[in-house]
Amino acid sequence: MLEEVEGWLTRRSWSCADRPLEQLLAAGDGGPHRGSVSVVLPALNEAATVGDIVRVIRRELMEKVRLVDELVVIDSGSTDATAEVARRAGARVIRRDAILPRIPAVPGKGEVLWRSLLVTGGDIVCFIDADLKDFSADFVSGIVGPLLTDPSVQFVKAMYDRPLGDTAGQGGRVTELVARPLLNLHWPQLAGFVQPLGGEYAVRRSLLEQLPFPVGYGVELGLLVDALHTVGLDALGQVDVGVRKHRHQDGQALGRMAAAIYRTAQLRLSRGHLVRPSLTQFERGEHGFVPHTYPVDTEERPPMREIEEYVSSRAA
């Protein structure tokens, strides 16, 4: 590990206990670094978990105390009761396709995160995955804490243990097999991030609006790499929030995720073009193995500050 990264780990890695809620609230009472906080949950068929997450954030961080200013669920085409469950729990729910309709939406998590900037107003935007179980408000307060108390911090990722079923530490398979090797080999300054692909992170809007957003699974790696190049390593940080429990995907879905992440890295390394941006996987059928070919996410949305509607809404 680079000596620079070892020093960064000491300076920019924290626990959520390092900034008690009272300290964060004091920063909001006329403190020099206080900014409004928007929490965004991208959701696709997460009726089983989204309601509990919304209720915890509303109760702990909007009603008992006023740390979060708005809570928005962006529904990207759920076929279950995700939208209704989130609405009943107290979130503002917006359909992905209703945001910036002049640009047709494409499937993908990054697409939802990018569009969320148009319908939120917080100076700090906190993204939380909607499939988390046993959710704690520390996931939000922990990662917005450094941004509320230190003006030099721009981007904060959550770090945590990721069990796979009952086995500790075996979650994050794409992180260990794809993302971590890529970062260590090509962006060694980012080798200190414990969960580089984690979906829980908080960023200053002023930085997010400068960054392109890969539309699919590559969004977390893309934003992290581009943030490094835009504001430098010392503006990035991470906070330990404990344990993350969530729905795990099967091996085939993880393969597609890995291909998208590799593509995102490849674009940033060369800005070149894949000869064949697709991934073929195999499943055993009645007469042997059957190939299934999937497109690899290759599209990216431009920095939001280049979108006329966004610029106009921020100027209003």
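The rules behind the values
- Throughout this document, residue positions are counted from 1 along each chain, in the order its sequence is written.
- The predicted nature of this model means local features are confined to residues of pLDDT at least 70 and side-chain atom pairs, given and counted, to a pLDDT of 80 or more, with totals for whole chains, interfaces and linings taken over all residues.
- Hydrogens are left out, water is left out, and the side-chain values use all remaining heavy atoms of the structure.
- Two rings from Phe, Tyr or Trp (for Trp, the six-membered ring) form a pair when their centres are within 6.5 Å of each other. A pair whose planes differ by under 30 degrees is stacked, one over 60 is edge-to-face, and the rest are tilted.
- Only lysine NZ and arginine CZ atoms are considered, and such an atom sits over a ring when it is within 6 Å of the ring centre and within 35 degrees of the ring normal.
- At least two DSSP bridges between two strands are needed for those strands to be called paired.
- Secondary structure elements follow DSSP: runs of H or I of four or more residues count as helices, runs of E of two or more count as strands, with numbering from the N terminus.
- The convention used is that axes are lines fitted to C-alpha atoms, helices contributing only their stretch in contact, and that angles between N-to-C directions extend from 0 to 180 degrees.
- The contact rule is simple, with two residues in contact once any of their heavy atoms fall within 4.5 Å.
- What counts as a salt bridge is simple: a side-chain nitrogen of Lys or Arg found within 4 Å of a carboxyl oxygen of Asp or Glu.
- Burial here depends on accessible area, computed with a 1.4 Å probe over protein chains only, as a share of the maximum for the residue type. Under 20% is buried, over 50% is exposed, and the range in between is partly exposed.

Caption draft 1: Focus on the packing of aromatic side chains. Here the structure, examined in full by the defined rule, presents five aromatic pairs. Ring centres 5.7 Å apart and planes at 35° place the aromatic pair phenylalanine 135 and phenylalanine 139 in the tilted group. An aromatic cluster of at least three residues, connected via ring pairs, comprises Phe127, Phe155 and Tyr201. One Lys or Arg, arginine 19, reaches over the ring of tryptophan 14 and ends 4.4 Å from the middle of that ring. The lysine or arginine in question, arginine 256, covers the ring of tyrosine 294, its NZ or CZ lying 4.4 Å from the ring centre.

Caption draft 2: Focus on the sheet that holds strand S3 (residues 70-75). Taken in spatial order, the eight strands line up as S1-S10-S7-S8-S5-S2-S3-S4 in an open sheet, and their pairing is mixed. In this open sheet, the two strands that pair with only one neighbour each are strand S1 (13-15) and strand S4 (92-95). Mean inter-strand twist for the sheet, computed between neighbouring axes without regard to direction, equals 25°. Sheet analysis places strand S2 (residues 37-43) next to S3, joined by six bridges and oriented parallel. Residue pairing in the sheet places proline 42 in a bridge with isoleucine 74 of S3. With respect to the sheet, helix H3 (residues 50-63) is in contact with S2 and S3, its orientation differing from that of S3 by roughly 165°.

Caption draft 3: Representation of the pattern of salt bridges within the structure. Under the defined criterion, the tally for this structure stands at 22 salt bridges. Of the charged contacts in the structure, one is a salt bridge between arginine 12 and aspartate 234, with a shortest N-O distance of 3.7 Å. You can see arginine 12 sitting in helix H1 (residues 3-12) and its partner aspartate 234 sitting in the loop between helix H9 (219-231) and strand S10 (236-243), a full 222 residues away along the chain. Look at arginine 12 and you get buried, because its relative accessible area is 8%. The exposure class assigned to aspartate 234 is partly exposed, which follows from its relative accessible area of 35%. Here lysine 64 and glutamate 60 are joined by a salt bridge, their closest N and O atoms 3.2 Å apart. Overall, lysine 64 belongs to the exposed group, its relative accessible area being 58%. In this structure, a network of salt bridges that share partners links the residues Lys109, Asp129, Glu200, Glu220 and Arg244.

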